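# Coordinate inspection notes
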Amino acid sequence: MSNIKIGEKLRFFREKCGYSMQELADEVLISKMSIYYYEKNMKIPGADILFRICQKLNITPNDLFYNKENIILEEQIKEYNEKIFSLKIQITDDSNYPILKKDEIALIKKDEKITNKVLFLIEDSNKNLIIRYMIKTENTIQLIPQNLNYSIIEYDEKNHKIIGKVIGKISYFDQK
């Protein structure tokens, strides 16, 4: 098992994209010192910040938590999970393909605040869990799937409960 820490990988991907610490910090609206602390493994970024960093570097959290042989760095993800993620949900359908694929694990941060154009885990009145983007207009809130073969759902507080935001995913790789 590799002993490379998340911070070293973060630095690798930052440099690969040609960002200085300051440039990346400016892009994700944090301080240069925060990037420094993350890369030196002195602090762990919060889920929202990790997600923004990964978006700017065109990577996923998986890229930080897996080594070259696609073996998960178990001690690192366990530590991160304990500090950041509230829930992990296995995807059982393709309603949000290609963002979330069947059998991937969606990482959820508990947050009930409605945020426009964010992927949420929602419980309906039948206790079914669904993951959808919330699109808030002047009069309605719609729950939008990424796969157009699934229907749009009108959100209402009586029949739906927001569990939290999807802040990442874990994919499993074929081990051959």
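Anything mentioned here points back to the structure above.
Overview of the structure. Bear in mind the structure is a predicted one, so any value in this text is a computation, not a measurement.

### Some details on the environment of F12
- Mapped onto the fold, F12 is located in helix 1 (residues 6-16).
- Taking the C-alpha atoms as reference, F12 lies 9.2 Å from E39; in sequence the two are 27 residues apart.

### Thoughts on the sheet that holds strand 4 (residues 129-136)
- If you walk across this open sheet you meet the 7 strands as 1-2-7-3-4-5-6, and the pairing is antiparallel. In this open sheet, the two strands that pair with only one neighbour each are strand 1 (87-90) and strand 6 (153-154).

### Topic: helix 1
- Of the positions making up helix 1, those classed as buried are I6, G7, K9, L10, F13 and R14. For helix 1, the buried positions fall inside an angular range of 160 degrees around the axis, keeping them on one side.
- Phi for G18, located one or two positions after helix 1, is positive at around 80 degrees.

### Some details on the pairing of strand 7 (residues 160-170)
- With 10 of 11 residues buried, strand 7 lies mostly within the body of the structure.
- As paired strands, strand 3 (residues 118-124) and strand 7 are joined by 5 bridges and run antiparallel to one another. Opposite D124, over in strand 7, you have H160 as the bridge partner.

### Examining a nonpolar patch on the surface
- A grouping of M33, Y36 and M42 is seen on the molecular surface, where their side chains present a nonpolar patch of about 300 Å² in accessible area.
- When you line up the elements, M42 lands in the loop between helix 3 (32-39) and helix 4 (47-57).
- Among the residues examined, M42 registers a relative accessible area of 52% and is labelled exposed.

About the thresholds
- Residues numbered from 1 in each chain as written.
- Predicted model: local features only at pLDDT ≥ 70, side-chain atom pairs only at ≥ 80, totals over all residues.
- Heavy atoms only, no water.
- Helix = DSSP H or I, 4+ residues; strand = E, 2+ residues; numbered from the N terminus.
- Pairing = 2+ DSSP bridges.
- Buried < 20%, exposed > 50% of the residue type's maximum accessible area, 1.4 Å probe, protein only.
- Arc of directions from axis to C-beta.
- Patch = residues over 30% accessible without salt bridge, like charges linked within 9 Å, V, L, I, M, F, W, Y side chains within 5 Å.
- Areas by Shrake-Rupley, 256 points an atom, 1.4 Å probe, with all protein chains shown as cover.
- Salt bridge = Lys/Arg side-chain N within 4 Å of Asp/Glu carboxyl O.

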